[in-house]
Amino acid sequence: MLARPLIERKRDGGRISASEWRRLMNAYAAGNIPDYQMAALSMAIYFRGLDRDETGALTDAMLHSGATLDLSHLKQPRIDKHSTGGVGDKVSLILAPLVASLGVTVPMMSGRGLGHTGGTLDKLESIPGFRTALTLPETVRQLEAIGCALIGQTGDIAPADRRLYALRDATATVESIPLIAASIMSKKLAEGLTGLVLDVKVGSGAFLPELDRGLELARTMIDLGTDHGCPVIALLTAMDRPLGRACGNSLEVEECIMAMRGEGPPDLMRVTYALGAEMLLLAGVVRDRDDARRRMEVAISSGSALAYFQRIIEAQGGDAGVIDDAGLLPEAPECELFVAPRGGVVARIDPRAVGHGIIALGGGRTRVEDVVDPAVGFVITARPGDVVRAGEPLATIYARDEAGVAVGMRALGEAIVIADEGEPPLPLISHRVTESGVEIYNDG
Ligand code: URA
């Protein structure tokens with residue numbers, strides 16, 4: 001009878017204390033609270049919300065429902081980056097080796113794609129042999145040896161969150177800011193970080209499209225970090241169009257390798273450098289943003305970021321030959337150009353339609369247990385605002401077969417809108433949020 005009075009209290013707008021959250025989450029992780037009661041509580045939280053102390057207590061309770069990484073013996077600062085997710089968002093794959101190559105330990109725990117958004121783990125697993133399911137002791141050993149590990153949420157990290165997140169997904173209670181913030185931060189705080197950078201996406205393809213909701217999520221996670229002694233800063237970045245050109249797992253890995261060779265698309269590089277600068281500043285290894293930018297550019301031009309990626313791939317059992325030979329990545333048997341059906345301005349490239357197109361090609365998931373085809377997807381070379389002629393190539397479709405090509409054509413026909421005039425897209429990086437407040441972003 002632990003849960004019923006708490007559900008009732010939250011339903012009526014009351015508060016749940018820290019010790020109650022702890023008992024509830026431990027009991028839930030141990031299988032002693034039925035899902036229907038947690039579903040009812042999640043819905044009560046969805047409508048009533050949680051205050052800062054309650055959100056902190058819930059985060060703590062989920063964090064301590066499982067194991068945590070103790071990295072306090074490592075001398076280097078330990079910084080991770082978390083993105084709220086999007087289409088073509090492959091930044092983590094570039095950022096982790098880039099920042100690690102500059103003397104920061106990066107324990108990066110990522111997720112799988114679900115719905116229209118992609119996931120870092122799926123992208124990494126398109127590298128033949130790459131293991132993302134490291135145990136915690138393996139993760140610690142790899143961090144000691146090379147300073148970076150790219151892993152998934154192991155069963156022993158925040159098990160209460162793992163169960164609750166799946167339940168929220170099935171009960172339409174994901175979109176509650178305190179629940180999202182507690183869920184993300186319970187996993188991030190389990191990594192034993194000394195700082196965290198958040199990439200909060202806004203725009204039609206974002207998990208929370210509205211700017212004010214994105215800002216509120218950023219502030220809530222920053223408060224949680226502050227209350228747990230982990231400094232957090234957030235950048236708000238645009239997800240009203242895909243990031244970069246490649247959308248689909250192995251295509252994105254190939255784009256990341258190109259980016260680490262200095263040939264990345266400008267939007268992808270700008271977001272990567274902006275987030276990287278924040279990671280390096282939090283780590284205290286650079287003087288200012290200009291210094292950070294210079295050092296990241298040198299890490300790319302000298303090949304040291306790419307060499308670091310190669311070490312990570314080798315350490316995690318992957319075929320590092322993909323660095324020099326993209327042909328070792330899974331390749332789709334069919335590829336075909338998508339051309340402009342009319343002349344005009346590219347008014348929109350809808351990330352949700354692109355993401356759903358990848359799912360329709362077999363490259364994404366609608367349920368957690370779905371298996372993804374790593375080879376399929378799109379490379380979209382057109383950008384919003386481009387003036388195009390009828391018949392001009394805008395994208396390439398990568399599919400398993402002819403039927404897949406037709407599916408891809410339909411998806412891009414819906415996603416890429418050509419009109420007589422275009423609307424300006426969202427600023428690529430709009431705001432920087434810290435403990436002291438919100439500022440308009442300006443990276444010079
Ligand atoms: N990602 C998470 O890990 N948790 C949420 O609640 C939402 C997104």
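Keep in mind the model is a prediction, meaning the values are calculated, not measured.

Undergrad: Provide a residue-level description of the domain arrangement of the protein chain, including the pertinent values.
TA: Once the domains are mapped, the protein chain shows domain 1 (3-49), domain 2 (79-324 + 428-439) and domain 3 (331-419). The distance between the C-alpha centroids of domain 2 and domain 3 comes to 25 Å. Tallying the contact residues gives 25 residues for domain 2 and 28 residues for domain 3. Taking both partners together, domain 2 and domain 3 bury about 1900 Å²; carbon and sulfur atoms supply 56% of that area. Summed over the three residues of domain 2 that lose the most area to domain 3, namely H116, R245 and L251, the buried surface amounts to 27% of that side. The tally of links from domain 2 across to domain 3 stands at 2 salt bridges. We note a salt bridge from D267 to R383, for which the minimum N-O separation is 3.1 Å. Here domain 2 and domain 3 share 12 residue pairs in polar contact (both at pLDDT 80 or more) between them. Those elements that place two or more of their residues in the side of domain 2 that touches domain 3 are strand 6 (246-247) and helix 11 (249-260). A total of 3 residues in the side of domain 2 that touches domain 3 trace back to one element, the largest contributor, which is helix 11. Of the residues contributing to the side of domain 2 that touches domain 3, the split by class is 9 nonpolar, 10 polar and 6 charged.

Undergrad: I'd like a description of the packing of helix 12 (residues 266-283) against helix 13 (residues 289-301), backed by residues and values.
TA: The contact between helix 12 and helix 13 brings their axes to 9 Å, and the two run at 120°. Crossing geometry of helix 12 relative to helix 13 is assigned as right-handed. In contact with M269, Y273, G276, A277, E278, L280 and L281 of helix 12, helix 13 contributes R289, A292, R293, M296, E297 and I300. Class assignment for the residues of the contact of helix 12 with helix 13 results in 8 nonpolar, 1 polar and 4 charged.

Undergrad: Tell me what's going on with a nonpolar patch on the surface, and back it up with residues and numbers.
TA: Taken together, the side chains of M43, Y46 and F47 define a hydrophobic patch exposed on the protein surface, amounting to about 320 Å² of accessible area. In this fold, F47 is placed in helix 3 (residues 35-48). For F47, a relative accessible area of 64% corresponds to the exposed category.

Undergrad: Let's hear about the site of the ligand: which residues, and what values?
TA: All residues in the neighbourhood of the ligand are listed as Y165, R168, I180, S183, I184, K187 and F207. Residue Y165 places a side-chain N or O atom 3.4 Å away from a nitrogen atom belonging to the ligand. In the environment of the ligand, an oxygen atom lies 2.8 Å from a nitrogen or oxygen atom belonging to the side chain of R168. At the level of elements, helix 8 (159-170) and helix 9 (177-189) are the ones that each hand at least two residues to the shell around the ligand. Tallying contributions element by element places helix 9 first for the shell around the ligand, with 4 residues.

Undergrad: Tell me about the pattern of salt bridges, and please be specific about residues and values.
TA: Within the structure shown, the criterion is met by 31 salt bridges. Between E54 and K10 there is a salt bridge; the shortest N-O distance is 3.0 Å. Residue E54 is found in helix 4 (residues 52-63), and its partner K10 is found in helix 1 (residues 3-11); the two are separated by 44 residues along the sequence. Note on K10: relative accessible area 2%, which makes it buried. Here K188 ties to D80 by a salt bridge, and the two come within 2.6 Å at their closest N and O atoms.

Parameters at a glance
Residues numbered from 1 in each chain as written. Predicted model: local features only at pLDDT ≥ 70, side-chain atom pairs only at ≥ 80, totals over all residues. Heavy atoms only, no water. Domains from an automatic or database assignment. Contact = heavy atoms within 4.5 Å. Buried area = accessible area lost by both parts, 1.4 Å probe. Salt bridge = Lys/Arg side-chain N within 4 Å of Asp/Glu carboxyl O. Polar contact = N/O pair within 3.5 Å; in protein donor to acceptor, adjacent residues only side chain to side chain. Helix = DSSP H or I, 4+ residues; strand = E, 2+ residues; numbered from the N terminus. Nonpolar A, V, L, I, M, F, W, Y, C, P; charged D, E, K, R; others polar. Axes fitted to C-alpha atoms, helices over the stretch in contact; angles between N-to-C directions. Left-handed = near helix turned anticlockwise from the far one by under 90°. Patch = residues over 30% accessible without salt bridge, like charges linked within 9 Å, V, L, I, M, F, W, Y side chains within 5 Å. Areas by Shrake-Rupley, 256 points an atom, 1.4 Å probe, with all protein chains shown as cover. Buried < 20%, exposed > 50% of the residue type's maximum accessible area, 1.4 Å probe, protein only. Near = heavy atom within 4 Å.

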